[in-house]
Amino acid sequence: MSQIFEGYERQYCEISANLSRKCTAAVSLDGEKKKQKISEVRAGLEDAEALIRKMDLEARNLQPNVKAVLLAKLREYKSDLNNLKTEVKRIGFGNLNGAARDELLEAGMTDSLMASGDQRSRLMMATERLNHSSDRIKDSRRTMLETEELGVSILQDLHQQRQSLLHAHNTLHGVDDNIGKSKRVLTAISRRMNRNKWVTGAIISVLVVAIILILYFKLK
């Protein structure tokens, strides 16, 4: 998972938890203190929206399998942010008269806060499930990388074996050439030997005839 996305996610979770505490505190306040607290919450909502936009941009630039997981998280965060906005709007009704405000606090605000708590619990559970899915994706990617490395290693071994076979083939081809040259040399030597035999025989024959002639003329 993207480290940039995780950084934005941590910031958002911290802001969301802080805004939830401020909303709860604002319920029991009146007058200027309440307005100030609501202003702080609204400013925090703007920061939270900016973080969600950054997370959305970061998630859409990732690989499809990772992007799907992160976009599912973002839907939960957007739902949580909308719920916080609803709380702020209801808290802002503090300008109503006392009876109306008490009724709103007893009915609407209590339900809103309970819904917020339930929403946040579901968000935490969904986030945990998505984290497990992210871990499984990481394991799958690690297995894929290990398999890819093994495949590359096998291809390298096959390439080395091919080079060895080509070298052996070239060596055998060289041996064949040398054997052919040796045969030609031996054939030439054999021919010279045969020719020398005939020359030697002819010389001996001439010498024998000459000796016979010499002896013949001397004895005559």
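What comes next is a walk through the structure. (Residues numbered from 1 in each chain as written. Predicted model: local features only at pLDDT ≥ 70, side-chain atom pairs only at ≥ 80, totals over all residues. Heavy atoms only, no water.)

### What about the nonpolar core?
Y12, L45, I52, M55 and L74 are the most contacted members of the largest nonpolar core, which totals 22 residues. Of all the elements in the fold, those that place two or more residues in this core are α1 (3-27), α2 (31-60) and α3 (64-91). Of the residues forming this core, the biggest block, nine residues, is contributed by α3. I52 has contacts with Y12, L74, Y77, K78 and L81, leaving out every residue within four places of it along the chain. (Core = buried A, V, L, I, M, F, W, Y, C linked by side-chain atoms within 4.5 Å. Buried < 20%, exposed > 50% of the residue type's maximum accessible area, 1.4 Å probe, protein only. Helix = DSSP H or I, 4+ residues; strand = E, 2+ residues; numbered from the N terminus. Contact = heavy atoms within 4.5 Å.)

### A word on the environment of R10
On the secondary structure map, R10 appears in helix α1. Residues R10 and L51, 41 residues apart in the sequence, show an inter-C-alpha distance of 10.0 Å.

### A few points about α2
Between its first and last C-alpha atoms α2 spans 44 Å; for 30 residues at 1.5 Å apiece the expected length is 44 Å, and the two agree. Along α2, the positions that sit buried rather than exposed are K34, I38, V41, G44, L45, A48, L51, I52, M55, D56, E58 and A59. (Expected span 1.5 Å × (residues − 1).)

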